[in-house]
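Observations on chain architecture
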Amino acid sequence: KIKNQTLNTLELSLQLQNINKMKVCVVGNGYVGLPLAVLAKQAGHSVLGFDADVKKVQMLQAGESPIDDVLDSELEGLTFSSIPGAIRGYDVYIICVPTPVNPDKTPNLRIINAVKQTLLDNAQPGSLIILESTVGVGDTRRIFGGFADRDFYVANSPERIDPSRKKPTLYEIPKVVGGLNDASTNFATKFYETVFANVVPVKSAEHSEATKLLENSYRAVNISFINEFADFCSQSGLDTDHIVDAASTKPYGFSPFRSWIGVGGHCIPVDPHYLIESAPGSKWPILESAMTAMHARPGRLALEHVDPCTQKVLVCGVSYKPNVSDVRDAPQADFIKSLLGNKIEVEFFDPLVESYMGLQKVHNLSMVDHYDKVFIMHQHECCPELNDIRELDHVVTFC
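All figures in this text were calculated on a predicted structure; none of them were measured in a lab.

**Remarks on the overall build of the protein**
Check the secondary structure of the protein and you find eleven helices and 13 strands. Overall, the C-alpha framework of the protein stretches about 75 × 50 × 40 Å when taken along its three principal axes. Going through the 399 residues of the protein one by one, you find that 49% of them count as buried. Total accessible area on the protein is roughly 19,200 Å²; 53% of this is exposed by carbon and sulfur atoms. Seen as two clouds, the 36 positive and the 48 negative side-chain charges of the protein have centres 7 Å apart.

Below is the structure:
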């Protein structure tokens with residue numbers, strides 16, 4: 001064991017000599033992985049983007065970015081592949097694949113386990129494996145601990161991507177890192193210091209995992225509460241945003257949150273369930289109540305805004321937030337399902353989304369008077385025409 005530790009230290013010392021010119025493989029080239037690949041390339045590293053989605057890889061190889069936050073021109077200098085053998089011989093592997101939940105809200109780690117097998121088949125001892133995908137506390141060690149036993153370096157560093165956000169930039173957002181051992185934390189920290197402005201090493205991979213789950217569970221609980229507060233304000237004839245703005249003038253002890261029909265995207269509707277399942281049998285009465293209310297809200301609001309005469313509606317904005325095309329876990333889905341379940345015909349308007357739930361897409365608002373109800377969920381910057389219909393009697397705005 002002492003001999004292995006000595007070899008590990010010597011190997012790390014040799015690796016760190018080349019820390020500014022690493023061969024980096026980013027596994028998963030979506031909203032998290034692709035911006036990170038661009039950032040690592042800009043830092044001077046040689047970067048391969050690996051993705052099992054053959055069509056996405058073909059698109060990337062043709063110089064076309066599949067996401068809003070990466071320009072086609074930024075792909076120059078990157079290479080892409082969907083062939084597992086292409087990842088052999090890299091110094092750093094950064095895993096940025098989806099970790100959704102199952103229908104019963106339990107963690108779904110199928111893709112992570114597939115990546116594990118790909119690395120077992122192709123990665124070489126001495127390389128660094130960093131897991132950026134959200135997992136439960138202890139999952140990095142449970143899934144990838146065997147690699148550390150085979151002289152790999154393994155760390156967790158949760159992604160902090162917020163699609164469409166311009167400031168702070170990805171480079172400026174502090175990077176939390178925690179390894180399965182001190183050598184792994186050291187290697188991952190030194191590597192990320194070449195990519196990010198500020199790296200925050202923590203005590204272990206478990207501390208890193210828990211940091212991500214705390215961040216988004218905190219947001220989930222507060223959003224659920226402000227939604228509840230907004231319901232009270234609506235019943236009382238009060239302006240929720242006006243009150244939140246006033247409360248925000250307090251210089252300490254208050255952070256503003258805004259109400260909506262729910263939450264969407266790859267983090268807030270999902271991550272708290274990974275925390276809840278991190279210790280089966282543990283009680284999370286506040287968090288569980290917040291998530292139950294959050295998931296139920298869209299369907300409830302849909303039924304509150306229609307009546308027996310409602311036959312056809314238009315939903316404007318189906319991505320999970322403004323100015324993105326991403327529809328993952330968008331609460332509009334449950335809103336629309338509730339309407340369809342009541343035999344109401346639904347069409348949608350969203351210039352950034354090509355198709356959604358098999359619904360008819362409307363390309364302009366010229367026929368807005370032909371609907372019994374029109375719901376404005378949010379407004380992209382490219383949709384100023386929504387301002388012209390907001391005051392119509394049959395239009396309901398949630399933004």
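**Quick word on the environment of Tyr252**
Residue placement: Tyr252 occurs in the loop between helix H8 (240-247) and helix H9 (271-276). Here Tyr252 falls in the exposed class, since its relative accessible area comes to 57%. Between the C-alpha atoms of Tyr252 and Phe232, which are 20 residues apart in sequence, the distance is 25 Å.

**Regarding the nonpolar core**
Ranked by internal contacts, the top residues of the largest apolar core, which has 42 residues, are Cys25, Tyr93, Ile95, Ile112, Leu119, Ile129 and Phe144. Among the elements that make up this core, the one with the highest residue count is helix H7 (residues 205-236) (five residues). Not counting residues up to four positions away in its chain, the partners in contact with Leu119 are Ile87, Tyr93, Ile95, Ile129, Phe144 and Phe147. Ranked by size, the runner-up nonpolar core spans 37 residues in total, among them Ile19, Ile94, Phe187 and Val199.

**Considering unusual backbone geometry**
Omega for the peptide link from Lys167 to Pro168 comes to -10°, which places this bond in the cis form. Structurally, Pro168 is set in the loop between strand E6 (153-156) and strand E7 (175-179). Phi is positive for Lys343, close to 65°, though the residue is something other than glycine. By the element assignment, Lys343 lies in the loop between helix H11 (332-341) and strand E10 (345-349). According to the relative accessible area criterion, Lys343 is exposed, its value standing at 75%.

**Points about the pattern of salt bridges**
Taken as a whole and judged by the stated rule, the model has 15 salt bridges. With a shortest N-O distance of 2.6 Å, Arg141 and Glu206 are connected by a salt bridge. Of the two residues, Arg141 is situated in helix H5 (residues 139-149) and Glu206 in helix H7; the sequence distance between them amounts to 65 residues. The exposure class of Arg141 is partly exposed, given its relative accessible area of 35%. Between Arg165 and Asp162 there is a salt bridge, with the nearest N and O atoms lying 2.8 Å from each other. Asp162 sits in the partly exposed class, given a relative accessible area of 26%. One continuous salt-bridge network, built from bridges that share partners, spans Asp231, Arg297, Arg300 and Glu304.

**As for the sheet that holds strand E3 (residues 79-81)**
One open sheet accounts for eight strands, arranged E3-E2-E1-E4-E5-E6-E7-E8; its pairing is mixed. Whereas interior strands pair on both sides, the edge strands pair on one side only; in this sheet they are E3 and strand E8 (199-201). Averaged over all neighbouring strand pairs, the angle between strand axes comes to 25°, with direction disregarded. Bridge count between strand E1 (residues 23-27) and strand E4 (residues 92-95): four bridges; the pairing is parallel. Across the sheet, Val24 pairs through a bridge with Val92, a residue of E4. On top of the sheet, helix H6 (residues 182-193) reaches E1, E4, strand E5 (128-131), E6, E7 and E8; it is set at about 155° to E7, its chief contact.

Definitions and limits used
Residues numbered from 1 in each chain as written. Predicted model: local features only at pLDDT ≥ 70, side-chain atom pairs only at ≥ 80, totals over all residues. Heavy atoms only, no water. Helix = DSSP H or I, 4+ residues; strand = E, 2+ residues; numbered from the N terminus. Buried < 20%, exposed > 50% of the residue type's maximum accessible area, 1.4 Å probe, protein only. Areas by Shrake-Rupley, 256 points an atom, 1.4 Å probe, with all protein chains shown as cover. Lys, Arg positive; Asp, Glu negative; His and termini not counted. Charge placed at Lys NZ, Arg CZ, Asp CG, Glu CD. Core = buried A, V, L, I, M, F, W, Y, C linked by side-chain atoms within 4.5 Å. Contact = heavy atoms within 4.5 Å. Salt bridge = Lys/Arg side-chain N within 4 Å of Asp/Glu carboxyl O. Pairing = 2+ DSSP bridges. Axes fitted to C-alpha atoms, helices over the stretch in contact; angles between N-to-C directions.

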